[in-house]
Amino acid sequence: MKYAGRLAAATIAGVLSLAACGTDDNTSTAGGTSSAAAPVQGDDTVKGTINAAGSSAQANAIAEWKKNFQSSNPGVSINYNPSGSGAGVQAFIQGTVAFAGSDSALNDEKGEPAQADARCKTGKAINLPMVTGPVAVVYNLPGVDGLQLSPKTIAGIFNSKITKWDDPAIKADNPDAKLPSTAIQAFHRSDESGTSDNFTKFLKATADADWPYEPAKAWPAEAQGQGAKGSDGIASSIKSTEGAVSYVELSFAENSQLQKAKVANGAGEYVELTPESAGKTVEAAEIAGTGNDLKLKIDYATKAAGAYPIVLVTYEITCEKGLAAEDAKLVKSFLGYTASDEGQQALTSLGYAPLPSSLLTKVRGAVEAIA
Amino acid sequence: MRRSAFRRSRGDGPFRFASTGAGVVLLAIMAAIGVFLVVKAVPALQANTSHFATEPTWQPNATEPVFGIGALAFGTVLSSLLALVIATPVAVGVALFISHYAPRRLASVLGYVVDLLAAVPSVVYGLWGVTFLVPFMLGPSKFLNDYLGWIPLFGGDTVVGKSMLTASLVLAIMILPIIAAISREVFLQAPKMQEEAALALGATRWEMIRMSVLPFGRPGVISAAMLGLGRAMGETIAVALIFPATFTISFRILGPYGNSIAANIANGFGEATEVGRGALIASGLVLFLITLLVNMAARFVIARRKEYARAAA
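Residues numbered from 1 in each chain as written. Chains lettered and ligands numbered in written order. Predicted model: local features only at pLDDT ≥ 70, side-chain atom pairs only at ≥ 80, totals over all residues.

Enquirer: How should I be thinking about the overall build of chain B in this particular structure?
Expert: Secondary structure summary: chain B contains 11 helices and two strands in total. Moving toward the C terminus, one meets the helices and strands of chain B in the order α-α-β-β-α-α-α-α-α-α-α-α-α. Expressed along its principal axes, the backbone C-alpha trace of chain B runs to roughly 70 × 65 × 35 Å. Residues counted as buried form 43% of the 313 residues belonging to chain B. By sequence separation, contacts in chain B at least 24 residues apart represent 75% of the contacts at least 6 residues apart. (Helix = DSSP H or I, 4+ residues; strand = E, 2+ residues; numbered from the N terminus. Buried ≥ 20, exposed ≤ 12 C-beta atoms within 10 Å, placed from the backbone. Contact = placed C-beta atoms within 7 Å.)

Right, here's the structure in full:
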C-alpha cells in the first residue's frame, strides 16, 4: 500500500512533468524565435544554481523564462519546484530556496513577513508582482457563445442557489441569448489553490450578499458543487460535461478551447477576457507595500473602462538585502530578465498577461535594489 | 537434521541477532510512525475551533481553523465497502475460472494478466476514471436514478458523473486483481483428494467446487478481501481525481457527494500551512486507526474460520 502510494506519487510527478513538457513544446517556436531575435540581456559572468519553489500557477511562466534565460546564460541552472505557494513560502522562510513564487503576498495575519524578514537577516523580504494570470469563467453550453455574467449571478451559481441555465438572473444578464433549461453543474477546485482563493476573493468583494463565505484556498464546503483536482481536472470536466461551469486560468481555458463568459466589472460593463483587459485591472490596483515591497491590493470592483475583474497576480518573494552574495547576484539577474519587456512578452503566448508598464517600472527598480 | 539439532553452528548467534534485530526494528518503526503522527497532530487538533468528529468542512488554514473528519471517514469507509461488494464476487469468479475451469494454457495467460493488472499504478486508473468513466457513468446513473430511485442509495434529485458510485467502481477495478490473485492461489491449494472424491461420487463440477473448494478457500478469500479493502481505503490519487470532494455525509451514491481521507490529504497538502499539515496528519492518524481495526477484525474472522475448518476436517 505504501509502495503503491509512492509509486503513484512518482507517476504523478512524471505525468506533471510530461504535461509541462507538452506546454513547452506548444510554444517553443514562439519562445525560441523571440529569444534568438532579441538575446536576453545578461551578465556573461553569472554562473551557478538558483533554487526556487512555490506557486504552480506560474510554473509554465517560470519554465519558459528558465529556458530563455539558460540559453543566454549557459552557466546558470534554475530549479523551480512548483510545490504550491504555501510550501514555497515555507521553503523560503527556512532558507532552502533563494526566492519563492506565491499566489498571494506574505500574509500579515500568519506572521509571515516577520519570519521572512528574519530569514533575510540584514534586509527585509519583498513581494514582487511578476506574473498576471487572468481567471476565466468557463462553461459548456453548445450554441450559447459569449454568455454574460454579473458577479451577483456568478455568486448565485457557485453558491448552488441558481440551478438552471434559464434562471431569471442569467436571463437578465443575457437578454438576447437563447438559454436552455439544462441543470447547472458548478465545478470547483478540489485541491487547495490560489485560483480558488482569488476567485472567492472576487466573489466576496463584488457580491457580498450572495457569497457569505470567507475567501480561502479551500473551497467552502457549504457552497456545494463538485470538485475536480487541478486546473487540468477542471478543464477536462468542463469539456466533457454539458451544462458545466467553473473558473480556471486563461491558459487552460484556451488550450482546451472552452467557452469563456464575459464578466461584468464595477461599472457594469461586460468584458471579454483578453491579456489586455486583465492588464487594465492590474494597472488600476493600488500598491499596499512600502518601499520596494510591491504588494498589490487589487480592486475586484474596478470601474476602469474595459477592465476584466478576475485576475490573479503572482509574486516572487525574495530578500531585498541579505541573500547569500552568490544567490543575490543570480536572483537579481534572473528577475531582471523576467521583468524585462521580452521576459513579459514571452508570457502572452502561454495564457498569462504582461504586467502594465507603470507597475513594471517599479518592479524593475526593486529588482535593481537587490543586493 | 537430528544430528545438527544439538550442535551450535558458528552462524547461529549472528543469525539470531539479525532476525531479532529485524523484528525489533519493524516494531520500532511502527511505534515511531505512531508517535510522529500524534506529535504532529496534537497542536493542530488543539488549534481547531470546532468539533473534529463532526464539523462538515475542512478549512484548517484559515485564521480560525475549522475542520472535521466525519464526512471524510464516512466517505472512506463507504467507498471501500462498495468497492469490496462489487469486486469480491467478480474476483472469486475469475479465480475459480483460472483454477478450475479454464484450459491450462489459457489459465496461465489469464493468471499472468491478473498479476499484471495488480501492478498498474493507481494514477493510471484515476486518469482513466476521470477522462472516460466519469462522463460515461452519467447515462447508467441516470437510468438507476429513474428506475431504481426508490432505493435510497440511488435516490436524490441531482445525478452526476463524479459520484461515489464512479469512485467505488474504479476502486473495485483496482482491488479486483489482488483479490483474484490471492483467491486463485488458495483455490489451487484445495485438497485434490477431496475434489476427486466428490467427482467420483457423481457431483457436477459446480457441486464439487461448492462442497470442497469453497469451504477450504473461505479464510483465504476473506483475507484477500481484507487486503483489498485495505488498499481501497488507503487509495489516494485515483479517488482524489474522481471524488467531487464535498463534505456532505450522504448515502446517495449517484449525487455530487463523496470524499475520502487519503484524497483530502492529496488535495490539501500542497498549500497547507503548519496547522493545515497538522490537521491532515491527524486525519492520517484516523485512517491508520480505521485500517488497524479492519485488519484486526479480519484476523479475528480468519482465526475463527480456521479453527472451524480444522474441527470439521
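Enquirer: Would you take a moment to explain the overall build of chain A for this structure?
Expert: Looking only at helices and strands, chain A has 13 helices and 14 strands in total. Considering only contacts in chain A between residues 6 or more positions apart, those separated by 24 or more positions represent 74%.

Enquirer: Quick question: what am I supposed to make of the interface of chain A and chain B here?
Expert: By convention, interface size is frequently given as the accessible area that disappears when the constituent parts associate. Facing 33 residues of chain A, the contacting portion of chain B comprises 34 residues. Looking at the side of chain A that touches chain B, the elements that each hand over two or more residues are α1 (2-37), α3 (85-93), β7 (226-228) and α8 (230-240) of chain A. Ranked by the residues each element gives to the side of chain A that touches chain B, the list is headed by α1 of chain A, at seven residues. Looking at the side of chain A that touches chain B residue by residue, the class counts come to 10 nonpolar, 16 polar and seven charged. (Nonpolar A, V, L, I, M, F, W, Y, C, P; charged D, E, K, R; others polar.)

Enquirer: Honestly, unusual backbone geometry in this entry has me stumped. Any pointers?
Expert: For residues other than glycine, phi is negative in most cases, and the peptide bonds are mostly trans. The residue K121 of chain A is not glycine, and still its phi comes out positive at about 50 degrees. Its location among the elements puts K121 of chain A in the loop between α4 (112-119) and β4 (125-139). Of note, A245 of chain B is a non-glycine position whose phi angle comes to about 55 degrees, a positive value. The topology assignment puts A245 of chain B in the loop between α9 (237-242) and α10 (261-268).

Enquirer: Explain the confidence of the model for chain A here, please?
Expert: The predicted coordinates ought not to be read in detail in places where the model reports low pLDDT. Confidence in the prediction of chain A, expressed as mean pLDDT, is 84, and 88% of residues score 70 or more. Every residue in residues 7-43 of chain A is under pLDDT 50, and counting partners more than four places away or in other chains gives 45 contacts. (pLDDT = per-residue confidence, 0-100.)

Enquirer: Mind showing me how you'd approach the sheet that holds strand β11 (residues 270-271) of chain A here?
Expert: Within a sheet, adjacent strands bond to each other through the backbone by hydrogen bonds, running parallel or antiparallel. The strand order across the open sheet formed by three strands is β5-β10-β11 (chain A), and the pairing between neighbours is mixed. The open sheet has two edge strands with one neighbour each: β5 (148-149) and β11 of chain A. (Pairing = 2+ DSSP bridges.)

Enquirer: Explain the nonpolar core to me, please; I cannot follow it from the model alone.
Expert: In a soluble, globular protein the nonpolar side chains are often hidden away together inside. The biggest cluster of nonpolar side chains holds 99 residues, and the ones touching the most others in it are F92, A100, L128, A136, I317, V331 and V363 of chain A. At 10 residues, β4 of chain A tops the list of elements feeding residues into this core. The residues contacting L128 of chain A, other than those within four sequence positions of it, are L294, Y315, E316, L335, V363, A366 and V367 of chain A. Core analysis: the second largest hydrophobic core is formed by 86 residues, V134, M174, I179 and I265 of chain B among them. (Core = buried A, V, L, I, M, F, W, Y, C linked by C-beta atoms within 7 Å.)

Enquirer: Where do I start with the confidence of the model for chain B in this structure?
Expert: Residues and elements named next belong to chain B. When pLDDT is averaged along chain B, the result is 88, and 95% of the positions lie at 70 or above. For chain B, the element scoring lowest by mean pLDDT is helix α1 (residues 2-5), at 52; helix α3 (residues 70-101) scores highest, at 94. With pTM at 0.75, the complex prediction returns an ipTM value of 0.73.

Enquirer: Even after reading the chapter, I still don't get the pairing of strand β1 (residues 48-54) of chain A, so can you show me in this structure?
Expert: Strand residues, when the strand is regular, have side chains that alternate between the two faces of the sheet. Residue and element names in this part refer to chain A. Across six bridges, the pairing between β1 and strand β2 (residues 76-81) is parallel. By the bridge assignment, G48 is partnered in β2 with V76. Read as a crossover between parallel neighbours, the route from β1 over helix α2 (residues 59-72) to β2 is right-handed. By the bridge criterion, three bridges tie β1 to strand β3 (residues 99-102) in an arrangement that is parallel. From the neighbouring strand, G54 faces β3, where its bridge partner is G101. (Right-handed = clockwise from strand over helix to strand, strands pointing away.)

Enquirer: For this particular structure, what's the right way to read the pairing of β4 of chain A?
Expert: All names here are of chain A. A large share of β4 lies buried, amounting to 15 of its 15 residues. Where β4 lies against strand β8 (residues 244-249), five bridges are found, and the strand directions are antiparallel. Across the sheet, V137 pairs through a bridge with Y247, a residue of β8. As paired elements, β4 and strand β9 (residues 259-260) share two bridges and run antiparallel to each other. Across the sheet, V138 pairs through a bridge with K260, a residue of β9.

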